[in-house]
Amino acid sequence: MSTPRISYAHMNATVNPKHVTSLIRFFESGAKPERNDGYGVEIEHLPVRNGTDQAVNYYEPNGVEELLSRMRPYYDADKEYWENGRLVGLARKGISISLEPGAQVECSIGVLHSPQELAIEYSRFRKEINPILDALDFRLINYGYQPNTSYADIPVNPKSRYEAMTDYLGRVGQYGLCMMRGSASTQVSIDYQNEQDAIRKLRVGTAIGPILAWYFRNTPYFEGTENPFPLLRQRMWDFLDCQRTNLIPGLYDDRFGWEDYAVDVLSTPMMFADLTHTQEAEGLPEEQKHRAAFRDNAGEIYPDRELNAYEVNHVLSTHFNDVRLKNFIELRHWDSLPVGRAQRLTEIIGSLFYDDENLGRLTSYFDGLSDLDVLEAKANVQAHGSEATPYGQPLDFWQEFLGLEGLLADVPGDPVHPDVFQA
């Protein structure tokens, strides 16, 4: 009888060592040995029609495509992003505007060097976009899910990536299409100094994520009714596709490092292949360059060489762990938040991850934590809400321990409905 060695690769998968090297070099390129303490903040917005609160889609008259078109003068012409002949993104220095699958409008701001800069940059974005929204008769709101429209009534925008994702996520998991078309989030990215610093921030961020998610929950509705889940975003992602969501496999193993993360990502079926920037695929028909990939991993899709920067970014973008490693660390737990709450969240992230004393305190407190401990904490908050005891402590303890004060919980996600909040 032979006993196979368990690794962080899927058991019957192999990876290309050159691809592993590519990802490790990418992680190394993001390290900032000299402290810079930068932030990136992404706020996704739900477009809803004035008067009905119905979702506004990309294609409809006076819809999201028209919104992007009218915003073009404020952004750099050479940074427009077009796909399949249609405008799907804008950018200028310090800010980019992109679309999530259901035409959610994502505003990405950074690199910021203090949380206070977020309000300044975001205010400029709103000053430009608000008159256009008024003219088109819809608005952008900050909830975690569309208030009055089912995912089934929201078409995906024209990106080929989203057609492939629909094909894949519509056949696995539970809430993939809901996540794609109806949800919206806030994400905060931070720097790391080296591999050791990156791993400890991934561990701490993953451990405290569900607690912070509780204090910044902002999803009153789900599929047209009152949201039944304390943490709907967590519920959707955890049951989306276990190969690429939830905890990073092996994260709390003392031996875990960048190579393990790379092997896990590379051995996972790609979900969808993107060969649009792969020289060896230039002669292929377009439908073969962008297609669903139910079983093929990166080694079975990309050539036997080191991956280029586009390919690396694509491979990493097919994983959606609670905390994700790129050439920065992306914390992904939160519902879409109004900018004041997003700034306060960013301040808290800075105090926990960029204050050496606080980060050391958290690292020490969670020393010896296991994957099962984190999974239990996530389930505990989801099952018990305000009575939860993650890691054996009540939420009052965590509010004090993590410095969760001044959370601006009375700021509505939609000013048109100032009394609507998640229970």
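Before reading further, recall that the structure is shown in the block above.
Residues numbered from 1 in each chain as written. Predicted model: local features only at pLDDT ≥ 70, side-chain atom pairs only at ≥ 80, totals over all residues. Heavy atoms only, no water.

A.B. asks: How should I be thinking about the nonpolar core in this particular structure?
C.D. replies: In summary, soluble globular proteins display a tendency toward joint burial of nonpolar side chains. Counting residues in each nonpolar core, the largest one holds 102 residues, and the members touching the most others are F27, I97, F125 and L402. Sort the elements by how many residues they give to this core and helix α6 (residues 195-215) lands first, with 11 residues. Y145, L169, F229 and M271 belong to the second largest nonpolar core, which has 21 residues in total. (Core = buried A, V, L, I, M, F, W, Y, C linked by side-chain atoms within 4.5 Å. Buried < 20%, exposed > 50% of the residue type's maximum accessible area, 1.4 Å probe, protein only. Helix = DSSP H or I, 4+ residues; strand = E, 2+ residues; numbered from the N terminus.)

A.B. asks: How should the packing of helix α1 (residues 17-30) against helix α8 (residues 258-267) be read in this particular structure?
C.D. replies: Relative orientation and spacing of two packed helices are given, respectively, by the angle between their axes and the distance between those axes. Running from N to C, α1 and α8 point in directions that differ by 125°, and their axes come no closer than 9 Å. Classed by the angle they form, the pair α1 and α8 counts as oblique. Here α1 and α8 pass one another in a crossing that is right-handed. Residue-level inspection shows H19, V20, L23, I24, F27 and E28 of α1 in contact with α8, the latter providing W258, E259, Y261, A262, V263, V265 and L266. Across the contact of α1 with α8, the residue classes tally to 10 nonpolar, one polar and two charged. (Axes fitted to C-alpha atoms, helices over the stretch in contact; angles between N-to-C directions. Parallel < 35°, antiparallel > 145°, perpendicular 65-115°, else oblique. Left-handed = near helix turned anticlockwise from the far one by under 90°. Contact = heavy atoms within 4.5 Å. Nonpolar A, V, L, I, M, F, W, Y, C, P; charged D, E, K, R; others polar.)

A.B. asks: Would you mind showing me how to read the packing of aromatic side chains here?
C.D. replies: When we look at a pair of aromatic rings, we describe it by the centre distance and by the angle of the planes. By the definition in use, this model includes 23 aromatic pairs. Each ring, one from Y39 and one from Y354, has its centre 5.3 Å from the other, and the planes form 75°; the classification is edge-to-face. Residue Y39 is found in strand β1 (residues 39-49), and its partner Y354 is found in the loop between α12 (339-353) and α13 (356-365); the two are separated by 315 residues along the sequence. Note on accessibility: Y39 and Y354 belong to one class, buried. Between the aromatic rings of Y168 and F294, the centroid separation amounts to 5.0 Å while the plane-to-plane angle is 50°, which identifies the pairing as tilted. You can see Y168 sitting in helix α4 (residues 160-169) and its partner F294 sitting in the loop between β12 (290-293) and α10 (298-301), a full 126 residues away along the chain. When its relative accessible area of 38% is taken as the criterion, F294 is described as partly exposed. In this structure an aromatic cluster arises from ring pairing among Y365, F366, Y391, F397, W398 and F401. Against the face of F239 rests R235, its NZ or CZ located 3.8 Å from the ring centre. Its guanidinium or amino end placed over the ring of W237, R332 lies 4.8 Å from that ring's centre, counting from NZ or CZ. (Phe/Tyr/Trp six-rings, centres within 6.5 Å; stacked < 30°, edge-to-face > 60°. Lys NZ or Arg CZ within 6 Å of the ring centre and 35° of its normal.)

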